[in-house]
Amino acid sequence: MGDDPEDDGLDWGEDEGTVQLDLKKMAAATSRRAETAQPYLIVYAGNAVGRTVRVGEELTIGRGTKADLQLFGDGVSRLHARLRRVEGAIHVEDLGSTNGTMVNGEKIVGLRKLEDGDQIQVGVNLLLKFSLQDEAQARFQQELYEAALRDPLTNVYNRRAFDDRLEGEVSHAKRHGTPLALLLFDLDFFKLVNDTYGHLAGDQVLAEFAGLVQAMVRREDVFARYGGEEFAMICRSTPLDAAASLAERVRAQVASTRVIYETTPIPITVSIGVAALRADDTTDALIERTDKMLYRAKEDGRNRVAIAPES
């Protein structure tokens, strides 16, 4: 091989299936990659598994809104730990958290210098890996994370992403005393669509419905496929009356839509349940109350919105 700057030290021999190693070239290639590597944190266990965040001069971790990397989990303090650059190297320190911060299984005191591959534990079950990566590696890692949060058919968030975000949004709303609303959607008679037109038509109905609703969602809201023909929307800082108005706009827009499968128009309607977070709610209680409203909308004739009372 020549002096190609991208030479990675692998030289394929004349015999098929053989490869010769040039250790000097491999070492040089490794050195080049190390020079361009940047520090990143990768969430390995707990909330937001797979998320990748670049570490600049300073990065705070915690469940509070002031944290640069906001993570939720048992034993995570509002501002739990901080990574910062000291004399060219990244160090981690605990910020007086209730449960402390661990590196490779040892509780840290003061500043702890991080090495490539070190594991950082915050709270009971949140595990992060410190990694030196080049931009391409980090981008690939983040793309994997994003793909893991998306429903492949509709490209909206999936159930896993919804569950993670709802827990965080409920905690945020309670701490700050802000409103939060939840909407649950169910496409009416969806089984009949599959039975009449086929599953490919059903898939198209789901995808077009998701796209229609996604276009009506604010950036701060979360729209997800909840399961099958059910979808959910978390509406941050949204009082019940505003959420009910949004639900009615979605219902009316869907009812006026015809999905064209091949040359066949397929009419669709949706039933929607709406509820607002109460002071004593858990995430399960909020979901259960919204789900009851969804079933009420279906029992009352479908293609309608049912709203839970605020108290």
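Rules of the game
Residues numbered from 1 in each chain as written. Predicted model: local features only at pLDDT ≥ 70, side-chain atom pairs only at ≥ 80, totals over all residues. Heavy atoms only, no water. Salt bridge = Lys/Arg side-chain N within 4 Å of Asp/Glu carboxyl O. Buried < 20%, exposed > 50% of the residue type's maximum accessible area, 1.4 Å probe, protein only. Helix = DSSP H or I, 4+ residues; strand = E, 2+ residues; numbered from the N terminus. Pairing = 2+ DSSP bridges. Axes fitted to C-alpha atoms, helices over the stretch in contact; angles between N-to-C directions. Contact = heavy atoms within 4.5 Å. Right-handed = clockwise from strand over helix to strand, strands pointing away. Expected span 1.5 Å × (residues − 1). Polar contact = N/O pair within 3.5 Å; in protein donor to acceptor, adjacent residues only side chain to side chain.

**Things to note about the pattern of salt bridges**
Part 1: Applying the stated criterion across every chain yields a total of 14 salt bridges.
Part 2: Across the pair Glu93 and Arg84 runs a salt bridge whose closest N-O atoms are separated by 2.8 Å.
Part 3: For Arg84, a relative accessible area of 27% translates into the label partly exposed.
Part 4: For Arg159, the salt bridge identified is with Asp163, shortest N-O distance 3.3 Å. Placement of the pair is Arg159 and Asp163 together in helix 3 (residues 159–176), with a separation of four residues, close to one helical turn.
Part 5: Connected through salt bridges with shared partners, the residues Arg82, Arg84 and Glu93 form a single ionic network.

**With respect to the sheet that holds strand 14 (residues 180–187)**
Part 1: One open sheet accounts for five strands, arranged 15-16-14-19-20; its pairing is mixed. Where the open sheet ends on each side, the last strands, each with one partner, are strand 15 (222–227) and strand 20 (305–307). Neighbour-to-neighbour, the strand axes of this sheet turn through a mean angle of 20 degrees, independent of strand direction.
Part 2: In this structure, strand 19 (residues 270–276) lies alongside strand 20, joined through three bridges in parallel fashion. Among the inter-strand pairings, Ile272 is bridged to a residue of strand 20, identified as Val305.
Part 3: Here helix 3 sits on the sheet in contact with strand 14, strand 15 and strand 16 (230–236), set at roughly 25 degrees to strand 16.
Part 4: Contacts from helix 7 (residues 283–299) reach strand 14, strand 15, strand 16, strand 19 and strand 20, with the element oriented near 145 degrees to strand 19.

**Things to note about the pairing of strand 19**
Part 1: Of all seven residues in strand 19, seven are buried, a share of seventy percent or more.
Part 2: Residues of strand 19 alternate between two faces, with Val270, Ile272, Val274 and Ala276 on one and Ser271, Gly273 and Ala275 on the opposite face, all of them buried.
Part 3: The sheet contact formed by strand 14 and strand 19 spans seven bridges and is antiparallel. Considered in strand 19, the bridge of Leu184 is made with Gly273.
Part 4: The β-α-β motif built from strand 19, the intervening helix 7 and the parallel element strand 20 has left-handed crossover chirality.

**Focus: the pairing of strand 15**
Part 1: The buried fraction of strand 15 is high, at five of six residues.
Part 2: In this structure, strand 15 lies alongside strand 16, joined through five bridges in antiparallel fashion. Its bridge partner being in strand 16, Ala224 is matched across the sheet by Ala232.

**Considering helix 3**
Part 1: In a regular helix each residue adds 1.5 Å, so 18 residues correspond to 26 Å; helix 3 covers 26 Å between its end C-alpha atoms and thus fits that length.
Part 2: Listing the buried residues of helix 3 in full gives Ala161, Phe162, Leu166, Gly168, Glu169, Val170, His172 and Ala173.
Part 3: Of the surrounding elements, those touching the buried residues of helix 3 are strand 14, strand 15, strand 16 and helix 7.
Part 4: A side-chain oxygen of the first residue of helix 3 lies 3.3 Å from the backbone nitrogen of Arg160; this N-cap is Asn158.
Part 5: In the segment just after helix 3, Gly177 is the residue with positive phi, at about 65 degrees.

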